[in-house]
Amino acid sequence: MSFTPGRSRWPDVWLATAARGISSCGDFLAASTLTLALQSAGAGGPAVAGLLIAASLPLVALAPLTGRLADRVDSRTLLVAAGVVQAVICLALAYAGHPALAIGLVALLAAGLAVTQPVLAALVPAMVTPGDLPRASALNQTAGTLGALAGPALAGLLVGQFGTRVPLLLDAASYLALVAAGLLIRTRRGGPHPTARPRPAADAHPTPTPDGPARGWRLRPDRLLFAMVASLAGVVGAVGAINVIEVFFIRETLGSSTTVYGLVTGAWPLGIVAGAWALAPLARRLTDDGRLLGVGLLLLGGCCFAVLVSAAVPSAWLLVPIWLLGGLLNGGNNVVCNVLLARRVPEAARGRAYAVFGAAVQGAGMVGLAAGGLLLDLADPRPLVAACGTVGVLAVAAFAVPVVRAARAERSATTHAVHPAAGRRLCQVEENA
């Protein structure tokens with residue numbers, strides 16, 4: 001692995017954090033605005049699912065390209081260019097009249113997100129030392145989730161007062177934050193701007209180092225990372241239909257206004273903020289990657305259980321404490337995933353790693369979105385929410401076995417090695433700060 005030598009570059013971390021928070025708010029503002037517009041116009045589950053799939057498909061389809069772009073092209077160039085293009089697309093979206101045109105523009109908007117996500121994700125570990133990574137990850141996660149918290153709430157308020165155009169114009173302005181960050185952040189990676197040098201051998205992780213194997217890095221040979229991505233994608237696919245169902249559950253089954261919908265859906269992201277900070281110290285202290293992955297799976301199970309319990313509420317306001325708890329567990333799992341990726345992936349391949357990770361999760365989420373759109377025509381929202389939670393819990397239980405096996409294999413590989421000369425077993429102690 002490779003992190004910035006010497007001191008962490010906290011001004012750059014704050015700039016990246018602000019850019020992610022503002023652009024994330026814009027992403028969720030646009031998605032919630034268009035979702036509410038479709039639901040209020042009488043569109044059914046398939047239409048809402050189509051919109052959400054359009055916002056996810058480019059992140060999956062373009063991952064092989066965008067991951068390599070993030071590793072090979074100057075990060076400043078990518079952030080500035082993508083920010084400008086996304087602002088123009090969102091401006092056009094504010095004046096799009098036909099739903100099909102709006103869905104097409106949403107797909108183009110997501111193509112820009114497919115570029116900026118791995119760029120920002122790979123920049124953060126290059127800005128900090130290994131010991132500061134959990135804190136920087138929590139800070140970055142906080143910004144993204146605060147944006148996710150503010151976006152739906154703003155959409156609920158603004159759509160009710162002004163319709164869809166005003167929030168979409170605000171979204172267009174939010175992408176300029178990426179342009180500013182690209183110009184101001186001093187840390188750069190990709191192209192002719194290396195950000196870090198390999199650390200001494202004592203700090204090295206047994207996964208491939210940035211020299212050489214990074215170019216041919218693949219997810220599959222790392223059993224622990226593969227188990228992490230597979231389990232997370234599987235659970236997201238199992239429970240992902242809730243993202244389509246929730247607007248009908250809150251607005252129709254529980255009879256809530258657009259404003260209440262925006263406020264209630266903000267509870268989960270607020271919990272993610274708390275969870276990211278609460279679990280960051282644990283992620284720093286827990287140097288055994290296998291155990292850290294086990295903690296992440298337990299947190300995923302708690303998220304699914306929160307969804308299951310929420311199916312029983314008689315009022316939308318009772319969803320708030322349940323979704324706060326679910327979000328807290330979700331935030332902890334996000335920190336676990338970010339720390340494991342940064343620890344185990346060579347710096348020169350992190351753009352590809354984050355793109356592959358995002359594509360797997362988004363692809364699984366699309367399966368859930370499609371299922372949600374179809375199921376809403378067959379059943380009421382409340383039993384579907386219960387079904388999402390149940391299937392999610394069962395998925396966590398199913399992935400427990402491969403995760404435990406991967407953790408045991410990792411522990412065996414990193415704590416015992418055969419000395420090539422003496423032929424005896426040596427205990428190898430490693431620190432993954």
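Sequence positions are assigned chain by chain, starting from 1 and proceeding in written order. The model is predicted, so local features are restricted to residues of pLDDT at least 70 and side-chain atom pairs to those at 80 or more, both for listing and for counting; the totals for chains, interfaces and linings are taken over all residues. By convention in this description, side-chain values take in all heavy atoms of the structure and omit both hydrogens and water.

**Details of helix α12 (residues 267-285)**
We count it as follows: We count a stretch as a helix when DSSP gives it H or I for four or more residues in a row; a strand needs E for two or more, and each element gets its number in order from the N terminus. Residue count minus one, scaled by 1.5 Å, sets the expected span of a helix. Bend is computed residue by residue as the angle between axes fitted to the seven residues ending at the residue and the seven residues starting at it. Burial classes follow relative accessibility: with a 1.4 Å probe on protein chains only, a residue under 20% of its type's maximum area counts as buried, one over 50% as exposed, and anything between as partly exposed.
Between its terminal C-alpha atoms α12 stretches 28 Å, which fits the 27 Å expected from 19 residues at 1.5 Å a residue. L279 marks where α12 bends most, by close to 35°; the proline P281 follows one to four residues later. Taken as a whole, α12 has its buried residues at A267, W268, P269, G271, I272, V273, G275, A276, L279, A280 and A283.

**Section: helix α14 (residues 319-344)**
Since the α-helix advances by 3.6 residues per turn, residues separated by three or four positions end up pointing in the same direction. Between the first and last C-alpha of α14 there are 37 Å, a value that for 26 residues agrees with the 38 Å anticipated at 1.5 Å per step. Of all 26 residues that make up α14, 21 are buried, and the element is covered over most of its length.

**What to know about the packing of aromatic side chains**
The cut-off we apply is this: Under the pairing criterion, centres of Phe, Tyr and Trp rings, with the six-membered ring standing for Trp, must be within 6.5 Å; the plane angle then separates stacked pairs below 30 degrees from edge-to-face pairs above 60, leaving the rest tilted. For a ring to carry a charge above it, either NZ of a lysine or CZ of an arginine must fall within 6 Å of the ring centroid while also lying within 35 degrees of the normal to the ring plane.
For the structure on display, the rule yields 1 aromatic pair. Ring centres of W268 and W323 lie 6.4 Å apart, and the angle between their planes is 75°; on these two criteria the pair is classed as edge-to-face. A residue pair is termed long-range when its members are at least 10 positions apart, and W268 in helix α12 and W323 in helix α14 qualify at 55 residues. Take W268 and W323: they sit in the same class, and that class is buried. Just above the ring of W10 sits the side chain of R135; from NZ or CZ to the centre is 4.3 Å.

**A few points about the pattern of salt bridges**
What counts is decided by this rule: Here a salt bridge means any side-chain nitrogen of Lys or Arg lying within 4 Å of a carboxyl oxygen belonging to Asp or Glu.
The tally for this structure, following the rule as stated, stands at 7 salt bridges. Put simply, D222 and R344 hold a salt bridge, and the shortest N to O gap is 2.9 Å. A residue pair is termed long-range when its members are at least 10 positions apart, and D222 in the loop between α8 (176-184) and α9 (223-239) and R344 in helix α14 qualify at 122 residues. With a relative accessible area of 8%, D222 lands in the buried category. We note a salt bridge from R291 to D288, for which the minimum N-O separation is 3.8 Å.

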